[in-house]
Amino acid sequence: MALPEANDFFGWVAYILNEYGSMLLSGAWKTMVIAVISTAIGCVIGFAVGIVQTIPTNRQENPVHWAVVGFFKALLNAYVEIFRGTPMMVQAAFIYYGAAMLFDIHMGTWTAALFIVSINTGAYMAETVRGGILSIDPGQTEGAMAIGMNHMQIMTNVILPQALRNIMPQIGNNLIINIKDTCVLSIISVVELFYNVKSIVGATYAFFPAYSIAMVIYFILTFTCSRILRVIEDRMAGPDSYDLAMNDTLMGEGMTKYRPRPVETNADYRARQEQPETSEGGM
Amino acid sequence: MSETIIEVRHLQKTFGNHTVLRDMDFTVREGDVTSIIGASGSGKSTLLRCINLLERPSAGEILFHGKPISAKGNDACAYRAKVGMVFQSFNLFNNMTVLENCMVGPIKVLGKKPEEARATAMRFLEKVGMAPYVNARPRQLSGGMKQRVAIARALAMEPEVLLFDEPTSALDPQMVGEVLSVMRQLAEEGLTMIVVTHEMAFARDVSSHVVFMADGVICEEGTSEEVFGNPQNPRTQEFLSRFTNR
């Protein structure tokens, strides 16, 4: 394909898509893979940290338990504060080059990318999960305690499923932030979307057309994800109706669908009240 | 004489500088229906929560079949599985259906098989009249229905004692009636119950033993006839006058 004129925006867009389309697609794919996997791992980390942070301890009753759990809580607190409190771009360079220099660990860029985004998301999710757990009515915990469940059983069966639903919007937020923030990984040469766009710019000097394409691709990725997450959220809310098990001889056995009766508007009610009169008048 | 299940001895509970229970002593025998009555703030609910270890007693002890429950190394979870509790605010698990609410305890805590747990749960849901609603979620039920499910959930653990913490205080009069009739039926079947309640008619007619509390101590206790028919303590007389003079 011949090079377009210097100020022919659409020409350049077409040129870049034609020449570098596969590069953009593979970059977008890698961005998504890093974002999705890291958000998932981050959630697991966040839930684990959140569970530990909410273990109840009592110094008088069981000092050993209190000390051990307290130590791990402090450790996890440090993790959360450090990774929330420093830029991911600096963390990426710090961990990637630090591991190589201090410990002679030469991570692949791919491993490094997943590792860094995961623990970063984990730090944010830990606080989100803690908030989600605290948002659940203490009565739920007491109800579960009263039937003899231990902390782990209460968490996995009662609290976390409810907390998960409450923090779904925040998980979605994290996924979208991760899709965008993977671009900082270009500092350790992770070949994702932004890295590829930069390469294209380097080859063509078509700054505006290339970054315009990047804008559009990033937006398509985040918008699609936010819509999908909204659908998942609605599914988790469950249906408003439920099956009523019938044992009534008149109604027959089995299940019937119970639906809340639709509320009649005042206008409909008046119309219904007036109708018999008009039909009588017609007779 | 039937076997003693729970003995409360010199129980005290303080929150900071505030003493809620001063010196509680009472005994619950198998098959007893003990009603705890008294003004709000007299420590009734705290006493019940101490019995179920939702609150740690500050001093004194609670014996379950003669063994102290708050001793070190004693498994609070295993104890709670044998002592059920029904709350004022129902506390049904919002993420589960009615049936799942009644099955999760037997499966997770008692290690029952799902089919077995389902059969037990259905038996108790039928008893409280909630069998048609197995697939409903708590938010879809009325208060009285929720409380009946909560009772079925507690019963599904097949506890030795069932504690009721003001089970009807959050309900309208009609729902109060449906919950009390379930509780009355359970009492008649011989379930050991400790009931904190403001329903004086229920306390008078159903309980075998009545405890009147004021300011963290037991003012008066005795059979239903003794406490309601011929109260000795002036505070009991005053408290009950509002009920008996109606």
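The written sequence of each chain sets the order in which its residues are numbered from 1. Naming scheme: in the order in which they are written, chains are lettered from A and ligands are numbered from 1. Note on the predicted model: pLDDT of at least 70 is required for a residue's local features to be given, and 80 or more for side-chain atom pairs to be given and counted; whole-chain, interface and lining totals, by contrast, use all residues. Only hydrogens and water are removed before side-chain values are computed, so all heavy atoms of the structure are retained for them.

Caption draft 1: Just the overall build of chain B, in detail. Labels follow the DSSP assignment, with helices taken as runs of H or I lasting at least four residues and strands as runs of E lasting at least two, numbered in each case from the N terminus. Looking only at helices and strands, chain B has nine helices and 10 strands in total. Based on C-alpha atoms, the radius of gyration is set beside the globule rule, defined as 2.2 Å times the residue count to the power 0.38. In summary, chain B has a C-alpha radius of gyration of 18 Å against a globular reference of 18 Å for 246 residues, a match within 12%. Referenced to the eigenvectors of the C-alpha coordinate spread, the extents of chain B come out at roughly 55 × 50 × 40 Å. For chain B, the proportion of contacts with a sequence separation of at least 24, taken over those separated by at least 6, is 66%. For the accessible areas, the method is Shrake-Rupley and the probe is 1.4 Å, while residue cover comes only from the protein chains on display. For chain B, the computed accessible surface area is about 10,300 Å², with 46% contributed by carbon and sulfur atoms. Computing the positive centroid from 27 side-chain charges and the negative centroid from 29, chain B places the two 7 Å apart. By the convention used here, residues are in contact when the closest approach between their heavy atoms is within 4.5 Å. Residues scored as charged are limited to Lys and Arg (positive) and Asp and Glu (negative), so that His and the chain ends carry no count. One atom stands in for each charge, and that atom is NZ of Lys, CZ of Arg, CG of Asp or CD of Glu.

Caption draft 2: Layout of the packing of aromatic side chains. All names here are of chain A. When two rings of Phe, Tyr or Trp (its six-membered ring) have centres within 6.5 Å they constitute a pair, described as stacked for plane angles under 30 degrees, edge-to-face for angles over 60, and tilted for the intermediate range. One pass over the structure, following the stated rule, counts 10 aromatic pairs over all chains. Taken together, a centroid distance of 5.1 Å and an interplanar angle of 80° make the contact between F9 and F10 edge-to-face. Relative accessible area decides the class of each residue, using a 1.4 Å probe on protein chains only: under 20% of the type maximum gives buried, over 50% gives exposed, and in between gives partly exposed. By relative accessible area, which is 65% here, F10 ends up exposed. Note on F9 and F208: the rings are 5.1 Å apart at their centroids and 35° apart in plane angle, and the pair reads as tilted. With F9 in helix α1 (residues 9–53) and F208 in helix α8 (residues 207–237), the pair connects residues that are 199 residues apart, well separated along the chain. Classification of F208 as exposed rests on a relative accessible area of 57%. Taken together through their ring pairs, the aromatic side chains of F9, F10 and F208 make up a single cluster.

Caption draft 3: Here's a closer look at the confidence of the model for chain B. When the pLDDT values of chain B are averaged, the result is 87; 97% of them are 70 or greater. Among the prediction metrics, the complex's ipTM stands at 0.87, with pTM recorded as 0.76. The pLDDT value tells you how sure the predictor is about a given residue, anywhere from 0 up to 100.

Caption draft 4: Expanded view of the side chain of E178(B). Tracing the backbone shows E178(B) in helix α6 (residues 173–188). Counting of polar contacts relies on pairs of N or O atoms within 3.5 Å, with two restrictions inside protein: one atom must be capable of donating a hydrogen and the other of accepting it, and residues adjacent in sequence are counted only when both atoms are side-chain atoms. A distance of 3.1 Å separates a polar atom in the side chain of E178(B) from a polar atom in the side chain of R148(B).

Caption draft 5: Structural detail: the interface of chain A and chain B. The partner chain B presents 32 residues to the 28 residues of chain A that form the contact. The term buried area means the drop in 1.4 Å probe accessible area that two parts suffer when joined, counted for both and summed. Across the chain A to chain B interface the summed buried area is about 2,400 Å²; carbon plus sulfur atoms make up 53%. We define a salt bridge as a contact between a side-chain nitrogen of Lys or Arg and a carboxyl oxygen of Asp or Glu at a distance within 4 Å. Between the two partners, chain A and chain B, sit one salt bridge. Of the charged contacts in the structure, one is a salt bridge between E142(A) and R49(B), with a shortest N-O distance of 2.6 Å. The interface formed by chain A and chain B contains seven residue pairs in polar contact (both at pLDDT 80 or more). At the level of elements, α5 (138–146), α6 (151–181) and β1 (242–248) of chain A are the ones that each hand at least two residues to the side of chain A that touches chain B. Considering every element that reaches the side of chain A that touches chain B, the biggest residue donor is α5(A), with seven residues. For the side of chain A that touches chain B, a count of residues per class yields 13 nonpolar, 10 polar and five charged. When residues are sorted by character, Ala, Val, Leu, Ile, Met, Phe, Trp, Tyr, Cys and Pro go into the nonpolar class, Asp, Glu, Lys and Arg into the charged class, and all the rest, Gly among them, into the polar class.

Caption draft 6: Spatial organisation of the UniProt feature "domain: ABC transmembrane type-1" (unreviewed entry) in chain A. UniProt positions are given in the numbering used here, feature names are shortened, and annotations may be inferred rather than shown by experiment. Feature annotation in UniProt places "domain: ABC transmembrane type-1" (unreviewed entry) on residues 28–229 of chain A, given in this structure's numbering. Secondary structure over residues 28–229 of chain A splits into 82% helix and 0% strand, and the C-alpha atoms at its two ends are 19 Å apart.

Caption draft 7: Up close: a nonpolar patch on the surface. Residue and element names in this part refer to chain A. A grouping of V64, V68, F71, F72 and L75 is seen on the molecular surface, where their side chains present a nonpolar patch of about 500 Å² in accessible area. Mapped onto the elements, V64 comes out in helix α2 (residues 63–84). Under the relative-accessibility criterion, V64 is labelled exposed at 60%. Here the term patch refers to residues with relative accessible area over 30% and no salt bridge, with like charges joined within 9 Å and nonpolar side chains (Val, Leu, Ile, Met, Phe, Trp, Tyr) within 5 Å.

Caption draft 8: The arrangement of the pattern of salt bridges in detail. Under the definition given, this model contains 12 salt bridges over all chains. In this structure, E158(B) and K112(B) form a salt bridge, with 3.1 Å as the shortest nitrogen-oxygen distance. Placement of E158(B) in the loop between α5 (143–156) and β7 (161–165) and of K112(B) in the loop between α3 (98–108) and α4 (114–127) is noted, with a sequence separation of 46 residues between them. Accessibility expressed as a relative area gives 43% for E158(B), which makes it partly exposed. Assessed through its relative accessible area of 16%, K112(B) is described here as buried. A network of salt bridges, in which partner residues are shared, links E142(A), R49(B) and E55(B).

Caption draft 9: Structural detail: the sheet that holds strand β5 (residues 67–68) of chain B. Residues and elements named next belong to chain B. Taken in spatial order, the four strands make up an open sheet running β2-β1-β4-β5, and their pairing is antiparallel. The open sheet terminates on both sides in strands that have one partner only, identified here as β2 (18–29) and β5. In the sheet, strand β1 (residues 4–15) pairs with β2 via eight bridges, with the strands oriented antiparallel. Bridged to E7 within β2 is T27. Strand pairing is assigned whenever DSSP identifies at least 2 bridges connecting the two strands.

Caption draft 10: Representation of the nonpolar core in the model. Residue types Ala, Val, Leu, Ile, Met, Phe, Trp, Tyr and Cys, when buried and joined through side-chain atoms within 4.5 Å, form a set referred to as a nonpolar core. The biggest cluster of nonpolar side chains holds 48 residues, and the ones touching the most others in it are I16(A), L24(A) and I179(A). Secondary-structure elements contributing two or more residues to this core are α1, α4 (109–135), α6, α7 (193–204) and α8 of chain A. Apart from the residues lying within four places of it in its own chain, the contact partners of L24(A) are I16(A), L17(A), L193(A), V197(A), I200(A), I213(A) and I217(A). Grouped together as the second largest cluster of nonpolar side chains are 42 residues, L125(B), L162(B), V182(B) and V206(B) included.

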